[in-house]
Structures are given as C-alpha cells and as structure tokens.
Amino acid sequence: MTKIIEDKSMSNNELFNLSGKVALVTGASRGIGEHIAKLLARSGAHVIVSSRKIAGCQAVVDAIVREGGSAQAIACHIGEMEQIGAIFDEIDQQHGRLDILVNNAATNPYFGHILDTDLSAFQKTVDVNVRGYFFMSTAGAKLMKTNGGGAIVNVASVNGVIPGDMQGIYSITKSAVISMTKAFAKECAQFNIRVNALLPGATDTKFASTLVNTPEILKQAMAHVPMKRVAQPNEMAAAVLYLVSDAASYTTGTCINVDGGYLVG
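Before going into details, it helps to say that this report is about the structure given with it. (Residues numbered from 1 in each chain as written. Predicted model: local features only at pLDDT ≥ 70, side-chain atom pairs only at ≥ 80, totals over all residues. Heavy atoms only, no water.)

**Topic: the overall build of the chain**
Thought 1: For the chain, the helix and strand inventory stands at 9 helices and 7 strands.
Thought 2: The globule rule puts the C-alpha radius of gyration for 265 residues at 18 Å, and the 18 Å found for the chain is close to it.
Thought 3: Taken along its principal axes, the extent of the C-alpha atoms in the chain is 50 × 45 × 40 Å.
Thought 4: In the chain, which comprises 265 residues, the proportion classed as buried is 48%. (Helix = DSSP H or I, 4+ residues; strand = E, 2+ residues; numbered from the N terminus. Rg over C-alpha atoms; globule rule 2.2 N^0.38 Å. Buried < 20%, exposed > 50% of the residue type's maximum accessible area, 1.4 Å probe, protein only.)

**A few points about unusual backbone geometry**
Thought 1: Backbone geometry places Asn192, a non-glycine residue, at a positive phi of 60°.
Thought 2: In this fold, Asn192 is placed in the loop between helix H6 (168-188) and strand S6 (193-200).
Thought 3: At Lys228, a residue that is not glycine, the phi angle is positive and equals roughly 60°.

**Digging into a positive patch on the surface**
Thought 1: A cluster of basic side chains, namely Arg30, Arg52, Lys53, Lys124 and Lys206, defines a positive patch on the protein surface.
Thought 2: Relative to the helices and strands, Lys124 resides in helix H5 (residues 119-145).
Thought 3: By relative accessible area, which is 42% here, Lys124 ends up partly exposed. (Patch = residues over 30% accessible without salt bridge, like charges linked within 9 Å, V, L, I, M, F, W, Y side chains within 5 Å. Areas by Shrake-Rupley, 256 points an atom, 1.4 Å probe, with all protein chains shown as cover. Salt bridge = Lys/Arg side-chain N within 4 Å of Asp/Glu carboxyl O. Lys, Arg positive; Asp, Glu negative; His and termini not counted. Charge placed at Lys NZ, Arg CZ, Asp CG, Glu CD.)

**Some remarks on the pattern of salt bridges**
Thought 1: All told, the structure shown has 5 salt bridges when counted by the stated rule.
Thought 2: Across the salt bridge formed by Lys38 and Glu34, the nearest N and O atoms sit 2.7 Å from each other. Placement of both Lys38 and Glu34 in helix H2 (residues 31-42) is noted, with a separation of 4 residues, approximately one turn of the helix. With respect to class, Lys38 is no different from Glu34; both count as buried.

**Regarding the side chain of Gln72**
Thought 1: With respect to the helices, strands and loops of the structure, Gln72 is situated in strand S3 (residues 70-73).
Thought 2: Judged by its relative accessible area of 14%, Gln72 falls in the buried class.
Thought 3: Here the side chain of Gln72 touches His46 through a polar contact of 2.8 Å, side chain to side chain.
Thought 4: Within polar-contact distance, the side chain of Gln72 engages the side chain of His95 at 2.6 Å.
Thought 5: When residues no more than four places from it in sequence are discounted, the contact partners of Gln72 are His46, Val47, Ile48, Val49, Val61, Gln94 and His95. (Polar contact = N/O pair within 3.5 Å; in protein donor to acceptor, adjacent residues only side chain to side chain. Contact = heavy atoms within 4.5 Å.)

**Some points on the state of the cysteines**
Two cysteines, two sulfur atoms, one covalent bond between them: this is a disulfide.
Thought 1: Scanning all chains against the criterion turns up 0 disulfides.
Thought 2: This cysteine, Cys255, is not joined by any disulfide, and Cys188 carries the nearest cysteine sulfur, 16 Å off.
Thought 3: The exposure class of Cys255 is partly exposed, given its relative accessible area of 23%. (Disulfide = S-S within 2.5 Å.)

**Here's the deal with the nonpolar core**
Thought 1: Ranked by size, the top nonpolar core spans 66 residues in total, and within it Leu24, Leu40, Val47, Val49, Ile91 and Leu98 carry the most contacts.
Thought 2: Here the element with the most residues in this core is helix H9 (residues 233-244); it accounts for 7 residues.
Thought 3: Leaving out residues up to four positions away in the same chain, Val49 has contacts with Val25, Ala28, Ala37, Cys57, Val60, Val61, Ile64, Gln72, Ala73 and Ile74. (Core = buried A, V, L, I, M, F, W, Y, C linked by side-chain atoms within 4.5 Å.)

Structure, rendered in structure tokens:
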C-alpha cells in the first residue's frame, strides 16, 4: 500500500524504502529485469524473480541473497495463461499479498517489413506483450486490492510512441501497453493501486544486441538521441524504483521516458 506523503521531513531513505513489500518482476533473469529485481531487493523488498527458465531466475536470486537481500525464483511464461494463474496462486499461498508488479517480460520474434509479418510472429508477440501483460495485471491487481493497494509498472518502449524500423508488430504491442497502463490506472485508482509505464530507449542488453553491436545501425539510431549514447540497464531500474516507491504516491497513469531525449524529437 502506498503511503500518502505528509511529513516534509521524511528522508530520501524512507521514501524509497521497500521493506516488508513483496515484489514480482517478470523477465528478470537478465537485462533490464535483472537490474530491476536487484535494485528492489537492495531497497528492502522480497523479490520474486520470474522468467521462462528457472535456472536463470535462480542465478539472479543467488546474487541477491549474496548481497544480503531476500528473493525467490518462480518460473512463468506469461504467454501461457495457465502459468499466469499458477504463479499468482503460489504467491498468494506463500505470501498472501503482492505489493509490486513489474511487467517486464516481452518478446520481439520478427524483424522485417510489416507486410511480411506472418501469423505465427503476430500471435506470439501479441500473446506475450499484450495478453500476457493484461492478465498479469488483472491477477496482480486483484491480489493487491485485498491488501489495500500496490504499484504496477509496465515496461513498454519508445517504439510504442514512434514505431521502430522493421519492428511493426512489436511497436504496435508496445503502443497497446501504453494504452493499457492508462486504462488500468484509471480504473484501479479507487483501490489504491497505481499503474505506470516505463518507456526505455536503446539499452545495452541482449534483447537490443543487434542495435548495440552493429556499428552502422547504432550510428543511425544515435543520430536521433540527443545524449548520443545507449542506456545502461541500471538507469531503467532507477526509474522503476521511483514508480513503485512512496516517492511516487501521487503518480499514476504516466509514462516515464528514459531514452536520452529520443522522444523530444
């Protein structure tokens, strides 16, 4: 449950203190999700690290525990409806609550002209990036509602605002995530559930390795980024920490662009 900030003397440590909170981060075995999970744990949350493969999740959990944090691994493929139901059943049984949900898992199986998008790539992208986010959010919000509120962050993309070249269906799904964020924020505010979105720009992860590791593509992309560099995953994690913390107690339905100025135009 988010606290209403009334005491002007509240310290920065208190504003960003997540002690006693249970957080679920999807797609957390690497990249942006891994950094989000680790930062939330450092801030005091018990973090449920989730992705399709349990081994990758457990490696992140082990790293968190070595640092003195609290975490556990639960595998979940958000493109599979039964797995979504199973993970929330397990969280409810083990913890009886969920305070933070970060929908970060996503897929981008097709890179090419939009006219050549086949049904398989279309369906896979929509199933994970739209249907998965939607039903993760509904299940998460229902659990939050029973405990007085919580915070959801959807990791969208700048491609949801300006479609990426040769990334048509991916960009369409990320635009849907932005709209979804606003819809959930509007209807869940009455339950003290805040819903916001993070819009990363080009970030140095395996997911964006083609862009980062191809000089010609990178040079072309950086021509549109005023800061002239790609982001590091920890820069995305810091924005998520703000959105799930008491520092953002009156922030809902917003999209935070962490893109080096790309969307400035």
